[in-house]
Amino acid sequence: MNELGYTHSGDSGQTDFGGHGTIPKTDVRVVAYVECDAANASIAVTLAGGTLPPHLAATLVSVQNDLFDLATDLSIPTNSPTPALARIIPGHTERIERAIEHFEQEAGDLSGMLLPGGTLAGAHLYQSRSVVRRAEVAVWRAVEEHPDTVNVECARYMNRLSGLLFVMARGANAEHGDVMWVPESSVSMPAENPEETDGESH
């Protein structure tokens, strides 16, 4: 990188991706890495909102560290002779499972389907969950195409993480209450003024 903060090395659509060598930027392994980076950044925005209770914020800070472990894992093939600085192991995933069990108690019983929203903290957590789910899909695609070199535990971790963010969002909305989905509500509710059917008064 030059003193201006950019290089021309990626202008051909190729990138030097860790132990995978030089591969296209569109390679599923690169896409998985990028999507997980986006998930981490989304959680950073959630934290920066400053509306999370301390115990929720502490959990998300640890998740951010996990996601950096995960990105490191994705960048080094599992069969690389040079060990990765970090790998996602079952212990990472099991810790998220324990967190889900804990935060489910704060969320309460669920009856029906939910809309993302509620408090600012809840909305941010729902948004982070959607980014994590997209990243999970990308990691699974990388696992499917490169099963011998991409760690499947990364995909399992992302799957659990989306579940954790869901129960955390519900917990953040506990006082506000869940925002419930009402099927076809926009077309089944009576109009406020039945005489105004085309946007004009007659």
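Conventions used here
- Residues numbered from 1 in each chain as written.
- Predicted model: local features only at pLDDT ≥ 70, side-chain atom pairs only at ≥ 80, totals over all residues.
- Heavy atoms only, no water.
- Disulfide = S-S within 2.5 Å.
- Buried < 20%, exposed > 50% of the residue type's maximum accessible area, 1.4 Å probe, protein only.
- Helix = DSSP H or I, 4+ residues; strand = E, 2+ residues; numbered from the N terminus.
- Contact = heavy atoms within 4.5 Å.
- Expected span 1.5 Å × (residues − 1).
- Polar contact = N/O pair within 3.5 Å; in protein donor to acceptor, adjacent residues only side chain to side chain.
- Core = buried A, V, L, I, M, F, W, Y, C linked by side-chain atoms within 4.5 Å.
- Axes fitted to C-alpha atoms, helices over the stretch in contact; angles between N-to-C directions.
- Parallel < 35°, antiparallel > 145°, perpendicular 65-115°, else oblique.
- Left-handed = near helix turned anticlockwise from the far one by under 90°.
- Nonpolar A, V, L, I, M, F, W, Y, C, P; charged D, E, K, R; others polar.

(A) Quick peek at the state of the cysteines. If you walk through the whole model with that rule in mind, you get zero disulfides. Its sulfur unpaired, cysteine 36 is 7.4 Å from the next cysteine sulfur, which belongs to cysteine 154. Given a relative accessible area of 1%, cysteine 36 falls into the buried group. Assessed through its relative accessible area of 0%, cysteine 154 is described here as buried.

(B) Structural view of the environment of alanine 38. On the secondary structure map, alanine 38 appears in helix H1 (residues 28-48). Assessed through its relative accessible area of 27%, alanine 38 is described here as partly exposed. Once the C-alpha coordinates of alanine 38 and valine 131 are considered, the two residues, 93 residues apart in sequence, prove to be 7.1 Å apart. Every residue in contact with alanine 38, bar those within four places of it in the chain, is listed here: Val131 and Arg134.

(C) Main features of helix H5 (residues 152-172). Between its terminal C-alpha atoms H5 stretches 31 Å, which fits the 30 Å expected from 21 residues at 1.5 Å a residue. Counting buried residues in H5 gives 15 out of 21 residues, a clear majority hidden from the surface. The distance from a side-chain oxygen at the start of H5 to the backbone nitrogen of glutamate 153 is 3.0 Å, and the residue carrying that oxygen is asparagine 151.

(D) Molecular detail of the nonpolar core. Judged by nonpolar contacts, the single largest core of 39 residues is most densely connected at Tyr157, Met158, Leu161 and Leu164. Only H1, helix H2 (54-75), helix H3 (90-107), helix H4 (120-145) and H5 provide two or more residues apiece to this core. Considering each element in turn, this core owes the most residues, eleven residues, to H5.

(E) Molecular detail of the packing of H2 against H5. Between H2 and H5, the shortest axis-to-axis distance is 12 Å and the interhelical angle comes to 160°. On the basis of the axis angle, H2 is roughly antiparallel to H5. Considering the relative orientation of H2 and H5, their crossing is left-handed. Between H2, through Leu56, Thr59, Leu60, Val63, Asp66, Leu67, Leu70, Asp73 and Leu74, and H5, the contact on the second element is made entirely by Cys154, Tyr157, Met158, Leu161, Leu164, Leu165, Met168 and Ala172. Considering only residue class, the contact of H2 with H5 consists of 14 nonpolar, one polar and two charged.

(F) Highlighting the packing of H1 against H2. Direction vectors running N to C along H1 and H2 enclose 165°, while the axes themselves pass 10 Å from each other. The angle between the axes of H1 and H2 places the two elements in the roughly antiparallel class. In this structure, the crossing between H1 and H2 has a hand that is left-handed. Touching Ala32, Tyr33, Cys36, Ala39, Asn40, Ile43, Ala44, Thr46 and Leu47 of H1 are Ala57, Leu60, Val61, Val63, Gln64, Leu67, Phe68, Leu70, Ala71, Leu74 and Ser75, all from H2. Among the residues making up the contact of H1 with H2, the classes are represented as 16 nonpolar, four polar and no charged.

(G) Fine view of the side chain of threonine 149. For threonine 149, the location among the structural elements is in the loop between H4 and H5. Take threonine 149: its relative accessible area is 17%, and that puts it in the buried class. Ignoring sequence-local partners within four residues, the contact set of threonine 149 consists of His20, Ile76, Pro77, Thr78 and Asn79.

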